[in-house]
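Residue-level listing of the chains:
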Amino acid sequence: MSTRPSFHIETFGCQMNERDSEIMAQLLSEGARPCLDINEADIVLVNTCSIREKAAHKAISLLGQLRAEKGQRRRNPIVGVVGCLAQQEGQALLRRLPHVSLVIGPQNIYQLPALLAEAAQGRRLVAVDQSSSFVIPPLAPQAGSGPPHKRFITIMQGCDNFCTYCVVPYTRGREISRDLDQVVAEARTLVEQGVKELILLGQNVNSYGRKAKEGERRTFAELLRAVARLPGLERLRFTSSNPQDLTHELLLAFAELPVLCPHFHLPVQSGSNRVLARMNRRYTRERYLELIAELRSHRPGIAITTDLIVGFPGETEADFDLTCQLVTEVRYHGAFSFKYSDRPQAKAAGFADKVAEEVKARRLSILQGLIDRMAWERNQEFLGRTERVMVEGASPGGQAGQWQGRTGSSHLVHFVSPVALAVGDLLDVRITGAGQHSLRGELP
Ligand code: SAH
Ligand code: SF4
Ligand code: F3S
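Quick notes on the rules
Residues numbered from 1 in each chain as written. Chains lettered and ligands numbered in written order. Predicted model: local features only at pLDDT ≥ 70, side-chain atom pairs only at ≥ 80, totals over all residues. Heavy atoms only, no water. Helix = DSSP H or I, 4+ residues; strand = E, 2+ residues; numbered from the N terminus. Rg over C-alpha atoms; globule rule 2.2 N^0.38 Å. Areas by Shrake-Rupley, 256 points an atom, 1.4 Å probe, with all protein chains shown as cover. Lys, Arg positive; Asp, Glu negative; His and termini not counted. Charge placed at Lys NZ, Arg CZ, Asp CG, Glu CD. Pairing = 2+ DSSP bridges. Axes fitted to C-alpha atoms, helices over the stretch in contact; angles between N-to-C directions. Buried < 20%, exposed > 50% of the residue type's maximum accessible area, 1.4 Å probe, protein only. Arc of directions from axis to C-beta. Salt bridge = Lys/Arg side-chain N within 4 Å of Asp/Glu carboxyl O. Phe/Tyr/Trp six-rings, centres within 6.5 Å; stacked < 30°, edge-to-face > 60°. Lys NZ or Arg CZ within 6 Å of the ring centre and 35° of its normal. Near = heavy atom within 4 Å. Polar contact = N/O pair within 3.5 Å; in protein donor to acceptor, adjacent residues only side chain to side chain. Nonpolar A, V, L, I, M, F, W, Y, C, P; charged D, E, K, R; others polar. Parallel < 35°, antiparallel > 145°, perpendicular 65-115°, else oblique. Contact = heavy atoms within 4.5 Å. 1 Å grid on protein atoms, 1.4 Å probe; cavity = no way out; pocket = protein on both sides within 12 Å on 5 of 7 lines; lining within 4 Å. Points joined across faces, edges and corners; volume = space filled by probe spheres on them.

All right, on to the overall build of the protein chain then. Helices and strands together make up the secondary structure of the protein chain, namely 13 helices and 19 strands. The C-alpha atoms of the protein chain give 22 Å as radius of gyration, which agrees with the globular expectation for 444 residues (22 Å, within 12%). Judged by the C-alpha coordinates and their principal axes, the protein chain covers about 60 × 60 × 50 Å. When the accessible area of the protein chain is evaluated, it comes to approximately 19100 Å², of which 53% is carbon and sulfur surface. Taking the average location of the 54 positive side-chain charges in the protein chain and that of its 48 negative ones, the two points are 3 Å from each other.

Put into C-alpha cells, the structure is as follows:
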C-alpha cells in the first residue's frame, strides 16, 4: 500500500474555481494521491465560492459536517478552506472552525505544498495576501489532470469593475491578465495532448490586456485569433464577458473564426437602465441590444445566454417588467437568474431600499417561467437539423447505447449509438426531439 497521503478537493462556484482545483490537484500530485471519498482522505480541501449568500452557506455547511464527523472518522484529515470565501473571511475562519488548519486565498494556491507541509507540523495558517502585481505562474498542464477532451485556461485573475452587488473584486483582487504568449503556449500543449475544446476563463475577458503598456497591448480578439490557429483545435469558447467592454473587434471574431463556438454568454443582469446604473454596469439596455444585433449579423443563429438578478435594491415592478420584456425581445437560449443577496464589502449591501424576500421570490419565479418558455421555444428550432455533437459520455441512468454530447451552441443532446464511442468524439446527430433542458437525436 502507498504511504503517500491522500487528498480530496471539493469544489464550489465558477469555472475559475474548477480550474484552480485542477491546479491544486496537479501541485499536490507530486507528494500525495487523489482520493474520491472525502471521508477517507488525509487532506481535505474545500474550494469555496462567495458570490451569493447561498453559495457561501453550502461551503460552510460542508465544513460543519466535517467537524461534526471528526472523531468518528478513521482519519483526522488536515482541512483547508480555499477560494473566495477563504479570501473574504481570512483569520475569522480559523477562529470559527477549530478543525480547519489552512485558509488560502485564490492568489495563494501556488504555495499549497509548502503550506501543507507546515500544517502537517500542527500549525494553523492563513495565506490571503493579494498583490496587484501578482503574476499567475505558468504551469504546463498535465495530461490526465482534467477531462481528456475539453479544458479550461485561466487567462486573467480578478476584476476591477466593482459592480455594486459583486464580491469578486474583493475576493479575487485586481484584474491581472496573463501574457498572451504564455496562454498560447499552454493552449498548444493541451491541443498537442489531444484536447479538442478550450475554454478561456476570466471574470471579464473583454478587458483582457487593458493594463498593458502602450504599444505592448494585445487584445482579447488577438488572443482568440492566436489560439484559434492551433492545428487540431476543434472548439474554442470563453467566459465571462461584461457587455460594457465588448469591442467590434471581438464581435467580428465570430465572423472570422469558425472554431469559435456559436454561443455567447453575455450577462445583462437587468433590463432597466436605472437599475443598471445603480449596479454600476456601464451600458444601457439599448446599447446591449445593439451589441446583440451586431453579434447576430456576424454569426446568424448564434445561441445567446445570460445572467439576471431580480430584487436588486430599489428595483420596482416597472424595472422588473423591463427585464422581462428584454428577455422576450432577445429570446435567450437559456439564462441563469438569481435573487439579489447582500455580499460583504459590496457597495449595494449598504443601499437602503432593499426589496422584500417575498417580492424577490415572486419575481424570480415569474422570470424563470419566462426563461424556461424561451429555452423550450429555442430548442424546438433544432428539430430536423443535423448538428455536430461532441461526445461527453454515456447518458447517466440511460440504457446501454445511450450517449450524450454537446452542440457547438452548448446544447445537451441525448442520442443512441450502436457502436461504443469515446469522450471527445465528434459526430453528426440528427435532432428528433426537443424538451425544456435538452435535445434528443439519432445518428443519420
Ligand atoms: N463576471 C461576470 C459575473 C460573474 S458572477 C459578469 O460580469 O458578468 C456570476 C453571476 O452571479 C453574475 O452575473 C450575477 O448575475 C450573479 N451575482 C453576482 N453577485 C450577486 C449577488 N450579490 N446577488 C445575486 N446574484 C449575484
Ligand atoms: Fe463581478 Fe462585475 Fe466583475 Fe463580473 S464584472 S466579476 S459582476 S464586478
Ligand atoms: Fe464564486 Fe469566486 Fe467564482 S465568488 S463565482 S468562486 S470568482
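To continue, consider the sheet that holds strand 4 (residues 78-83). Strand order in the open sheet formed by six strands is 2-1-3-4-5-6, and the pairing between neighbours is parallel. Looking along the sheet, the strands with just one partner apiece sit at the ends: strand 2 (33-34) and strand 6 (125-127). Of the pairings in the sheet, the one linking strand 4 to strand 5 (residues 100-104) comprises four bridges and is parallel in character. Considered in strand 5, the bridge of Val81 is made with Val103.

The three strands lie next to each other as 12-13-14, forming an open sheet whose pairing is parallel. On the outer flanks of this sheet lie strand 12 (263-265) and strand 14 (334-339), each paired with one strand and no other. Taken over all neighbouring pairs, the strand axes of this sheet differ in orientation by 10° on average, direction set aside. Summarising the sheet, strand 12 and strand 13 (residues 303-310) pair through three bridges and their orientation is parallel.

A few words on helix 5 (residues 112-120). Those residues of helix 5 lying buried are Leu112, Leu115, Leu116 and Ala119. Down the axis of helix 5, the buried side of the element spans an arc of 100°, and every buried residue falls inside it. Once helix 5 finishes, Gly122 follows within two positions and takes phi at roughly 95°, a positive value.

Inspection of every chain in the model, using the stated rule, returns 35 salt bridges. Ionic pairing is found between Arg331 and Glu377, a salt bridge with its closest N-O pair at 3.5 Å. Taken together, the positions of Arg331 in the loop between helix 12 (317-330) and strand 14 and Glu377 in helix 13 (residues 357-380) put the pair 46 residues apart, joining distant regions of the chain. On the basis of relative accessible area, Arg331 is assigned to the partly exposed category, the value being 26%. You can call Glu377 partly exposed: its relative accessible area is 26%.

The final tally for this structure, using the stated rule, is 10 aromatic pairs. Ring geometry for Phe162 versus Tyr170: centroids 5.5 Å apart, planes at 75°, classification edge-to-face. Here Arg52 stacks its cationic end above the ring of Phe338, 3.6 Å away from the centre of that ring. One cation-aromatic arrangement involves Arg385 over Phe382; the distance from NZ or CZ to the ring centre is 4.5 Å.

With that settled, consider the site of ligand 1. Around ligand 1 sit 15 residues, and of these Arg52, Gln203, Gln269, Asp307 and Ser341 come closest. A distance of 3.0 Å separates a nitrogen atom of ligand 1 from a polar backbone atom of Tyr165. Separating an oxygen atom of ligand 1 from a side-chain N or O atom of Arg281 is a distance of 3.1 Å. For ligand 1, whose free accessible area comes to 550 Å², the fraction covered by protein is 90%. Looking at the shell around ligand 1, the elements with two or more residues in it are strand 13 and strand 14. Residue composition of the shell around ligand 1, grouped by class: six nonpolar, four polar and five charged.

What follows covers the packing of helix 11 (residues 285-298) against helix 12. Close contact between helix 11 and helix 12 brings their axes to 12 Å; oriented N to C, the two are set at 10°. Considered as vectors, helix 11 and helix 12 are oriented roughly parallel to each other. Within the contact between the two elements, helix 11 uses Arg285, Tyr288, Leu289, Ile292 and Arg296 and helix 12 uses Leu322, Gln325, Leu326, Glu329 and Val330.

Here the second largest pocket defines a volume of roughly 490 Å³. Around the second largest pocket sit 21 residues that line it, and Ser177, Arg178, Asp179, Lys211 and Ala212 are the ones nearest its centre. Listing elements by their share of the lining of the second largest pocket, those giving two or more residues are strand 9 (176-177) and helix 7 (180-192).

Remember, this is a structural readout, not a statement about activity or role.
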